[in-house]
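A structural walkthrough
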Amino acid sequence: NSVHDCSSATKGRGTILGVQLDAESHPVVLQYQAFTDFYGESVLNLISFATGTQEVFNLLTIETLPNLIGFCIMPDNRIILAIYQAGFINLYELDQNGETHLMWSKDFSANNLWGSRLYLIPAGQDILDLFVWETSDPAIRDNWGYISHERVPVPVSNTDATAPEVLPATITTYPNPF
């Protein structure tokens, strides 16, 4: 039982959108940082705290903060990010180098995204539950809404360069036993 002070790492990196614990109970923080530079782009930062260290990953460069965004950490420590983008909910997996890879996408039309929420919950080693709560009226605080649920398979990707290539199975026999 230890207390992690995340203040110094998160200061100046934007709005905190979510916090999760990895398999070793280290906090992982998702932040949105809007830049006011010439390009006007913004970035999603993921900060992973290991014992005594911190890693900052710039996940995606985006134009504006999506109304629906969430992330989770699978039991095997894979980080999955969900973002509503242009009528789709997209799931991305974060690799060891901090790169995001689109792994799943689904058409999602919603009437009221402002004030709505997206949640990801691991349901096993390679399955997660995606929940979207869509408010019935974004102008009314604490209003009722609609809940959508999707169970999504998230198999382990084969992007590990150190893993050996799987070869096609072959069988040869000599002499023919029949």
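Residues numbered from 1 in each chain as written. Predicted model: local features only at pLDDT ≥ 70, side-chain atom pairs only at ≥ 80, totals over all residues. Heavy atoms only, no water.

1. Side note on the pattern of salt bridges
Inspection of the entire model under this criterion finds 4 salt bridges. Here Glu150 and Lys106 are joined by a salt bridge, their closest N and O atoms 3.0 Å apart. You can see Glu150 sitting in strand β11 (residues 145-153) and its partner Lys106 sitting in strand β8 (residues 100-107), a full 44 residues away along the chain. Glu150 sits in the partly exposed class, given a relative accessible area of 26%. For Lys106, a relative accessible area of 36% translates into the label partly exposed. In this structure, the salt-bridge partner of Arg151 is Asp129, at a minimum N-O distance of 2.8 Å. Of this pair, Arg151 sits in strand β11 while Asp129 sits in strand β10 (residues 127-135); the two residues are 22 residues apart in sequence, bridging distant segments of the chain. The network of salt bridges with shared partners includes Asp76, Arg78 and Glu93. (Salt bridge = Lys/Arg side-chain N within 4 Å of Asp/Glu carboxyl O. Helix = DSSP H or I, 4+ residues; strand = E, 2+ residues; numbered from the N terminus. Buried < 20%, exposed > 50% of the residue type's maximum accessible area, 1.4 Å probe, protein only.)

2. A short note on the sheet that holds strand β7 (residues 88-94)
With respect to topology, 4 strands assemble into an open sheet ordered β5-β6-β7-β8, the strand pairing being antiparallel. Every other strand in the sheet has two partners, leaving β5 (69-73) and β8 as the edge strands with one partner each. Geometrically, the sheet is characterised by an average inter-axis angle of 20° between neighbouring strands, direction not taken into account. Bridge analysis of strand β6 (residues 79-85) against β7 gives 7 bridges, and the strand direction is antiparallel. Note on β7: the bridge partner recorded for Tyr84 is Ile89. (Pairing = 2+ DSSP bridges. Axes fitted to C-alpha atoms, helices over the stretch in contact; angles between N-to-C directions.)

3. Details of the pairing of β10
One ladder, built from 6 bridges, connects strand β9 (residues 117-122) with β10; its direction is antiparallel. Note on β10: the bridge partner recorded for Leu118 is Val132. Between the antiparallel neighbours β9 and β10 lie 4 residues, among them Gly124 with a positive phi of about 155°. The pairing of β10 with β11 spans 9 bridges and is classified as antiparallel. Opposite Ile127, over in β11, you have Pro153 as the bridge partner.

4. Here we look at unusual backbone geometry
Even without glycine at this site, Asn77 takes up a positive phi of about 75°. Within the element layout of this structure, Asn77 appears in the loop between β5 and β6. Here the phi dihedral of Ala86 falls at roughly 50°; this positive angle occurs in a residue that is not glycine. Within the secondary structure, Ala86 is located in the loop between β6 and β7. Using a relative accessible area of 76% as the deciding quantity, one classes Ala86 as exposed.

5. A word on the pairing of β8
Regular strands have side chains that alternate between both faces of the sheet. Of the pairings in the sheet, the one linking β7 to β8 comprises 7 bridges and is antiparallel in character. What sits directly across from Leu91, in β8, is Trp104. Adjacent in sequence and paired antiparallel, β7 and β8 are bridged by 5 residues, among which Gly98 carries a positive phi angle near 85°.

6. Topic: the sheet that holds β10
Here 3 strands make up an open sheet; going across it, the order is β9-β10-β11 and the pairing antiparallel. Two strands lie at the open edges of the sheet, namely β9 and β11, each paired on one side alone. Taking the axes of each pair of neighbouring strands and ignoring which way they run, one obtains an average angle of 15° across the sheet.

None of this, on its own, says anything about what the molecule does.
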